[in-house]
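Per-entry structural report
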Amino acid sequence: MNGAQDLGGMQGFGPVAPEPNEPVFHADWEKRAFALTLAMTMPGQWNIDMSRFARENRSPTEYLSMSYYQIWFAALETMVTERDLVSDDEIVVGHSLHPPKPVPRILSPSAVAQVLYRGGPTERESNTQARFNAGDRVRTKNINPPTHTRLPRYVRGRLGTIERVIGCHVFPDSNAQGAGENPQWLYTVRFDGRELWGADGDPSVTVSVDAWEPYLVPA
Amino acid sequence: MTHDHEHHHEHGSDLSEMQLRTRALETILLEKGYIEPAAIDVLIETYEKKIGPRNGAQVVAKAWVDPRFRQWLFEDGTAAIGSLGFGGRSGNHLVALENTPSVHNMVVCTLCSCYPWAVLGLPPLWYKSAPYRSRTVADPRGVLADFGVTLPKDTEIRVWDSTAELRYLVVPTRPAGTEGWSEEKLADLVTRDSMIGTGLAKSPGDLK
């Protein structure tokens, strides 16, 4: 979706402000919001692409006024209520009022290290040939889906070069909608700075994105 | 879901709205049996104490001293880094990027906050912030200036926007004057920012 999460190339946010000796978390609730979000992936009621969409799917005004973990927490509340794991009246009173929805598994403390070490590989077997090879010129499509996509606005409709054929990976545009993993060939595509930003672009800069085959056409 | 918790004293404490909301949801999830509290604590401890930039620094230091590892790292980052015991969540598909005197790599996630947790831990606030996410792809030299880094005009800058599940680790150039140093000592020169590309490795003089 063309939401506020798609920030590449926007102007006016001011300088980057690194914080010296920054702690991993800035408040206790951030730790809880973070860990609850990770733990609640274990019951298997959503995937990572659905999580990302739940975070970005809000008005730009709201997105830009919330802190990082406020967005994570809001998305977690949305997902647990949408999946009927928790109901709105329970959130209001802060207690369980209804029987739980049966879930296949939960995260046990002894499994944490193993679950993290397994992670979430997205590469899949493929029985198709990659359409592009390293060095091929491609153009990104001009797409504007209201649903989740990983093709940022600033590279849409642009001419680039396939830098690397990565492999066949879960397609987030499909996975985020519950339409299956629909694995697609994934490529690193490199763009010249001036192709993206015009004649004033820095000629010493290139920008690469990882783009799935459905985003690309031969050029 | 919006809640009006402006009058914190009604709750008998000075807890912030976010503290109250996270506590409420955690209570519900616990009462319903969806979470084990000890697992929450282990997750927090893992990312506060165990997984951090020291992992990545080990990878870089090894690449500086071991040519065969270095070659493997750039050919198959996931396997080479996995051989040191790092991988998994936000690190299942790792790509190492080689900085040279003529090429400087910088990593960003314009769409969210993708970051190689397995080797760097959780990202700093600035990495997730609108200024960094918006400007790095258009004006990387301006962003570097915010970090006090100035590169020669003819240095090629390659920006990598992490739009898929690949996670990028920058291998900074090895500082001069470190010949014969052990991996462990070299790792002290490898800063988190140098592995994102917003900084350079420290020089031996910086350690004093």
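No experiment lies behind these values; they were computed from the predicted model shown. (Residues numbered from 1 in each chain as written. Chains lettered and ligands numbered in written order. Predicted model: local features only at pLDDT ≥ 70, side-chain atom pairs only at ≥ 80, totals over all residues. Heavy atoms only, no water.)

What follows concerns the overall build of chain A. Broken down by element type, chain A carries eight helices and five strands. Starting at the N terminus and walking to the C terminus, you meet the elements of chain A as α-α-α-α-α-α-β-β-α-β-α-β-β. When its C-alpha atoms are laid out on the principal axes, chain A stretches across 60 × 45 × 35 Å. Expressed as a percentage of its 219 residues, the buried residues of chain A come to 49%. When contacts within chain A are restricted to residue pairs at least 6 apart in sequence, those whose partners lie at least 24 apart make up 65%. As presented, chain A carries roughly 10,000 Å² of accessible surface, and 50% of it is formed by carbon and sulfur atoms. One way to put it: in chain A the 21 positive side-chain charges average out to a point 4 Å from where the 26 negative ones average out. (Helix = DSSP H or I, 4+ residues; strand = E, 2+ residues; numbered from the N terminus. Buried < 20%, exposed > 50% of the residue type's maximum accessible area, 1.4 Å probe, protein only. Contact = heavy atoms within 4.5 Å. Areas by Shrake-Rupley, 256 points an atom, 1.4 Å probe, with all protein chains shown as cover. Lys, Arg positive; Asp, Glu negative; His and termini not counted. Charge placed at Lys NZ, Arg CZ, Asp CG, Glu CD.)

With that settled, the discussion passes to a nonpolar patch on the surface. Residue and element names in this part refer to chain A. A cluster of nonpolar side chains, contributed by Val92, Val93 and Leu97, occupies part of the molecular surface with about 280 Å² of accessible area. Topologically, Val92 is positioned in helix α5 (residues 88–93). Residue Val92 is classed as exposed on the basis of its relative accessible area, which comes to 61%. (Patch = residues over 30% accessible without salt bridge, like charges linked within 9 Å, V, L, I, M, F, W, Y side chains within 5 Å. Salt bridge = Lys/Arg side-chain N within 4 Å of Asp/Glu carboxyl O.)

With that settled, consider the sheet that holds strand β2 (residues 103–108) of chain B. Ordered in space as β5(A)-β1(A)-β2(A)-β3(A)-β4(A)-β3(B)-β2(B), the seven strands form an open sheet in which the pairing is mixed. At either margin of the open sheet sits one strand with a lone partner, and together these are β5 (216–218) of chain A together with β2 of chain B. Between one strand axis and the next, the sheet turns by 35° as a mean value, whatever way the strands run. By the bridge criterion, five bridges tie strand β4 (residues 205–212) of chain A to strand β3 (residues 156–161) of chain B in an arrangement that is parallel. Its bridge partner being in β3(B), A:Val207 is matched across the sheet by B:Val159. (Pairing = 2+ DSSP bridges. Axes fitted to C-alpha atoms, helices over the stretch in contact; angles between N-to-C directions.)

Below, the discussion takes up the domain arrangement of chain B. If you check the domain split of chain B, you get domain 1 (10–48) and domain 2 (52–207). Each of domain 1 of chain B and domain 2 of chain B has a C-alpha centre, and these two points are 33 Å apart. (Domains from an automatic or database assignment.)

Reports often express the size of an interface as the amount of accessible area lost when the parts come together. On the side of chain B, 78 residues touch chain A, which itself brings 88 residues to the contact. For the pair chain A and chain B, the summed buried area comes to about 7,300 Å², and 63% of that belongs to carbon and sulfur atoms. Of all residues in chain A, A:Val16, A:Arg32 and A:Arg150 give up the largest surface area on contact with chain B, accounting jointly for 9% of the area buried on that side. Where chain A packs against chain B, one counts eight salt bridges. A salt bridge links A:Asp202 to B:Arg141; the shortest N-O distance between them is 3.0 Å. Seen at the junction of chain A and chain B, the total is 36 residue pairs in polar contact (both at pLDDT 80 or more). Of all the secondary structure elements, the ones that give two or more residues to the side of chain A that touches chain B are α1 (28–39), α2 (48–56), α4 (68–82), α5, α6 (112–118), β2 (159–169), β3 (184–192) and β4 of chain A. Per-element accounting of the side of chain A that touches chain B gives the leading share, nine residues, to α1(A). Its residues placed into classes, the side of chain A that touches chain B shows 49 nonpolar, 21 polar and 18 charged. (Buried area = accessible area lost by both parts, 1.4 Å probe. Polar contact = N/O pair within 3.5 Å; in protein donor to acceptor, adjacent residues only side chain to side chain. Nonpolar A, V, L, I, M, F, W, Y, C, P; charged D, E, K, R; others polar.)

Our focus in this paragraph is the state of the cysteines. All names here are of chain B. Here the structure, examined in full by the defined rule, presents zero disulfides over all chains. The thiol of Cys109 is unpaired, and the distance to the nearest cysteine sulfur, on Cys112, comes to 3.6 Å. You can call Cys109 buried: its relative accessible area is 0%. Summary of cysteine pairing: Cys114 is not part of a disulfide, and the nearest cysteine sulfur, belonging to Cys112, is at 3.6 Å. The buried category is assigned to Cys114, whose relative accessible area is 5%. (Disulfide = S-S within 2.5 Å.)

Now for helix α2 (residues 37–50) of chain B. Compared with an ideal rise of 1.5 Å per residue, which puts 14 residues at 20 Å, α2(B) spans 19 Å between its outermost C-alpha atoms and is within 8% of the ideal. Listed as buried for α2(B) are B:Ala39, B:Ile40, B:Leu43, B:Ile44, B:Thr46 and B:Tyr47. The buried residues of α2(B) occupy an angular sector of 155° when projected down its axis, which confines them to one face. For α2(B), the exposed residues lying more than 90 degrees away from the buried face are B:Lys49 and B:Lys50. Tucked inside the fold, the buried residues of α2(B) contact α1 and α6 of chain A together with α1 (17–31) and α6 (117–120) of chain B. (Expected span 1.5 Å × (residues − 1). Arc of directions from axis to C-beta.)

Attention now goes to the pairing of β3(B). In the sheet, β2(B) pairs with β3(B) via six bridges, with the strands oriented parallel. When the bridges of β3(B) are listed, B:Asn105 appears paired with B:Arg158.

Okay, the environment of B:Ile51 next. Residue and element names in this part refer to chain B. Relative to the assigned elements, Ile51 resides in the loop between α2 and α3 (53–65). It is 23 Å that separates the C-alpha atoms of Ile51 and Thr163, two residues lying 112 residues apart in sequence. If sequence neighbours within four positions are ignored, Ile51 has contacts with Thr46, Trp117, Ala118 and Gly121.

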